[in-house]
Amino acid sequence: MIKNKKILVVGAGGFIGGHLVKRLLENDNSIIASDIKPKEYWFQDFDNAENHYSMDMKEINNCRKIVKNIDYVFNMACNMGGMGFIENNKAECMQSVLINTNLLIACKEEGIKRYFFSSSACAYNKSKQQEVFIEGLKESDAYPADPEDGYGWEKLFSERMCRHFMEDYNIEVRIARYHNIYGPFGTYDGGREKAPAALCRKVIYAKENNENKIDVWGDGKQTRSFLFIDDCIEGTLRLFESDFSEPVNIGSDEQVSINQMIDLIEDISKIKKLKRDYQLDKPKGVRGRSSNNDLVKKVLNWSFKIKLKDGLKITYEWMNSEINKHGSNLSRFTKS
Ligand code: GDC
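The structure presented is a predicted model; accordingly, all values stated were derived computationally and were not measured. Residue positions within a chain follow its written sequence, with the count starting from 1. Side-chain atom pairs in this predicted model are given and counted only at pLDDT of 80 or more, local residue features only at pLDDT of at least 70, and totals for whole chains, interfaces and linings cover all residues. Calculated side-chain values reflect all of the structure's heavy atoms, with hydrogen atoms and water omitted.

What about unusual backbone geometry?
Then, number 1: The omega angle of the peptide bond from Tyr143 to Pro144 is 0 degrees, so this bond is cis rather than trans.
Then, number 2: Only runs of H or I of at least four residues qualify as helices and only runs of E of at least two qualify as strands under DSSP, and these elements are numbered from the N terminus. Residue position: Pro144 is located in the loop between strand S5 (114-120) and helix H6 (151-169).
Then, number 3: For Lys270, which is not glycine, the phi torsion reads 60 degrees and is therefore positive.
Then, number 4: By secondary structure assignment, the location of Lys270 is in the loop between helix H9 (258-269) and strand S13 (275-279).
Then, number 5: The phi angle at Asn301 is positive, at roughly 55 degrees, despite the residue not being glycine.
Then, number 6: Following the sequence through the fold, Asn301 ends up in the loop between helix H10 (294-300) and helix H11 (308-326).
Then, number 7: Buried means the residue's accessible area, taken with a 1.4 Å probe over protein chains only, is under 20% of the maximum for its type, while exposed means over 50%, and partly exposed covers the values in between. Look at Asn301 and you get exposed, because its relative accessible area is 70%.

Spelled out as structure tokens, the structure:
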């Protein structure tokens, strides 16, 4: 794994960015960490990194200021959230194109050797995700282009921007398409939370308040695959060190319906079976999605390890202790 390098992590105050900084510090790298969020909203904040709070990388001058004497850059920054956020904030999501573009320009000017871009399964063509159980999405399924509106278009466009900076200016790029990453230190309330955290939260509240039902968006039959954060970081670092510059899935191929995931969370919580109030008018996204991991196995000789039930248990326990600390107040991770 990368050692003794000077690495810029943009979006370091976010969920994946925070876990990445932790791991890179453990490997004796020197970390410059930046995020648009003020200090109090960083998910994780390490004293032994050089932290830049409230720094907006949509401003090219901020990019130019911070991309100095750096070996590698990880762009983990974008305005994002679960379906509830991305379906209702498309213009906001698309503006993240400025972060990637300005960072790439600054990297070109400074002669940065290698650049990582965090893309998403939302880049895949929607027409391939209309059935409940689908074959896992192969990297080639992003084209012909018809990604998720707003957020997905930004990711697909920015992937291409990376590719052309590599072709034209020799910046080595690495691009991961993440498939619904979850785990401790993630958003679980406030509107940006994704399904694993939202449903753990609902079960925890039902248990604490002796309620017998939870709200579920959609009919519960829609499917996804979810990747635990530790696997995400491992896959990201392996990809970064590989010589593969095309987009690669970093995801799980353990495809489950939302109903099956709720079953797992109920088992973890030891609550009796809850009634599910299906809300068909809420944001649902694609009908079925999973990751095909043939390419990642081939180019990285690696695939995810942590089963959904094990990752959910760790996530549930972390959230339970957070909710006990903060009560019914919004968590400290809810700022954009
Ligand atoms: O939000 P998400 O995890 O995003 O939703 C998955 C499915 O779970 C949706 O069909 C949603 O309707 C359903 N769902 C049921 N109840 C709830 O309470 C709930 N909250 C939420 N949030 N969902 C619920 C995500 C993007 C990410 C990222 C990943 C990449 O899409 O939002 O930004 O790009 O994809 O895989 P999802 O999986 O559709």
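Regarding the pattern of salt bridges
Then, number 1: By salt bridge we mean one thing: a side-chain nitrogen of Lys or Arg within 4 Å of a carboxyl oxygen of Asp or Glu. Tallied over the full model, the rule gives 25 salt bridges.
Then, number 2: With a shortest N-O distance of 2.8 Å, Asp219 and Arg287 are connected by a salt bridge. Linking Asp219 in the loop between strand S8 (213-217) and strand S9 (223-224) with Arg287 in the loop between S13 and H10, this pair joins segments that are 68 residues apart in sequence.
Then, number 3: For Asp219, a relative accessible area of 23% translates into the label partly exposed.
Then, number 4: Classification of Arg287 as partly exposed rests on a relative accessible area of 29%.
Then, number 5: Between Glu317 and Lys313 there is a salt bridge; the shortest N-O distance is 2.8 Å.

Focus: the pairing of S8
Then, number 1: Of the two faces of S8, only the one carrying Ile214 and Val216 is buried; Lys213, Asp215 and Trp217 on the other face are not.
Then, number 2: When DSSP finds at least two bridges between two strands, those strands are taken to pair. Looking at chain direction, S8 and S13 are connected through five bridges and run parallel. When the bridges of S13 are listed, Lys213 appears paired with Lys275.

Topic: the site of the ligand
Then, number 1: Taken together, 24 residues are adjacent to the ligand, and Gly81, Ser120, Lys202, Pro283 and Lys284 come closest.
Then, number 2: By the criterion applied in these results, polar contacts are pairs of N or O atoms within 3.5 Å in which, for protein atoms, one can donate a hydrogen and the other can accept it, and in which residues neighboring in sequence qualify only through two side-chain atoms. Between a nitrogen atom of the ligand and a main-chain N or O atom of Trp217, the distance comes to 3.0 Å.
Then, number 3: The side chain of Gln222 places a nitrogen or oxygen atom 3.0 Å from an oxygen atom of the ligand.
Then, number 4: Burial of the ligand by the protein chains amounts to 98% of its free accessible area of 710 Å².
Then, number 5: At the level of secondary structure, the elements contributing two or more residues to the shell around the ligand comprise helix H3 (83-86) and helix H7 (195-208).
Then, number 6: By residue number, the principal contributor to the shell around the ligand is H7, which donates three residues. Near residues are defined by distance, with any heavy atom within 4 Å of the molecule or strand qualifying the residue. Surface accessibility in these figures is a Shrake-Rupley result with a 1.4 Å probe; residues are shielded only by whichever protein chains are displayed.

Focus on the packing of H9 against H11
Then, number 1: Where H9 meets H11, the axes come as close as 10 Å, and the angle between the chain directions of the two elements is 55 degrees. Relative to H11, the element H9 is oriented oblique. With respect to the hand of their crossing, H9 and H11 are arranged in right-handed fashion. Contacts between H9 and H11 involve Met261, Leu264, Ile265, Ile268 and Ser269 on the former and, on the latter, Leu308, Lys309, Leu312, Lys313 and Tyr316. Axis geometry follows a simple rule: fit a line to the C-alpha atoms, using only the stretch in contact for helices, then measure angles between N-to-C directions, giving values from 0 to 180 degrees. Roughly parallel refers to an angle under 35 degrees, roughly antiparallel to one over 145, roughly perpendicular to one between 65 and 115, and oblique to any angle outside these ranges. Helix crossings get a hand from a simple test, with the near helix turned counterclockwise from the far one by less than a right angle marking a left-handed crossing and a clockwise turn marking a right-handed one. The criterion used for residue contact is that any of the two residues' heavy atoms lie within 4.5 Å.

A look at the domain arrangement of the protein chain
Then, number 1: Domain annotation for the protein chain reports domain 1 (6-182 + 226-250) and domain 2 (195-224 + 255-287 + 306-333).
Then, number 2: Domain delimitation follows an automatic or database domain assignment. Of note, the centres of domain 1 and domain 2, computed from C-alpha atoms alone, are 27 Å apart.
Then, number 3: Contact with domain 1, which involves 21 residues of that partner, is made by 25 residues of domain 2.
Then, number 4: Buried surface at the junction of domain 1 and domain 2, summed over both partners, amounts to about 2000 Å²; 65% is from carbon and sulfur atoms.
Then, number 5: Here the quantity called buried area is the total loss of accessible area, with a 1.4 Å probe, experienced by two parts when brought into contact, counted for both. Contact with domain 2 buries surface across domain 1, with Val132, Tyr182 and Phe226 losing the most and accounting together for 34% of the total.
Then, number 6: If you look at where domain 1 meets domain 2, you find zero salt bridges.
Then, number 7: Seen at the junction of domain 1 and domain 2, the total is five residue pairs in polar contact (both at pLDDT 80 or more).

Structural notes on the nonpolar core
Then, number 1: The biggest cluster of nonpolar side chains holds 62 residues, and the ones touching the most others in it are Val9, Ile16, Leu24, Ile31, Phe74, Tyr178 and Met261.
Then, number 2: No fewer than three residues from each of domain 1 (6-182 + 226-250) and domain 2 (195-224 + 255-287 + 306-333) sit in this core.
Then, number 3: Those residues in contact with Phe74 that lie beyond four places of it in its chain are Ile2, Ile7, Leu8, Val9, Val10, Leu20, Leu24, Phe116, Thr236, Leu237 and Phe240.
Then, number 4: In this text, buried Ala, Val, Leu, Ile, Met, Phe, Trp, Tyr and Cys residues form a nonpolar core when linked through side-chain atoms within 4.5 Å. Judged by nonpolar contacts, the second largest core, of 25 residues, contains Ile32, Ile70, Ala77 and Ile99.

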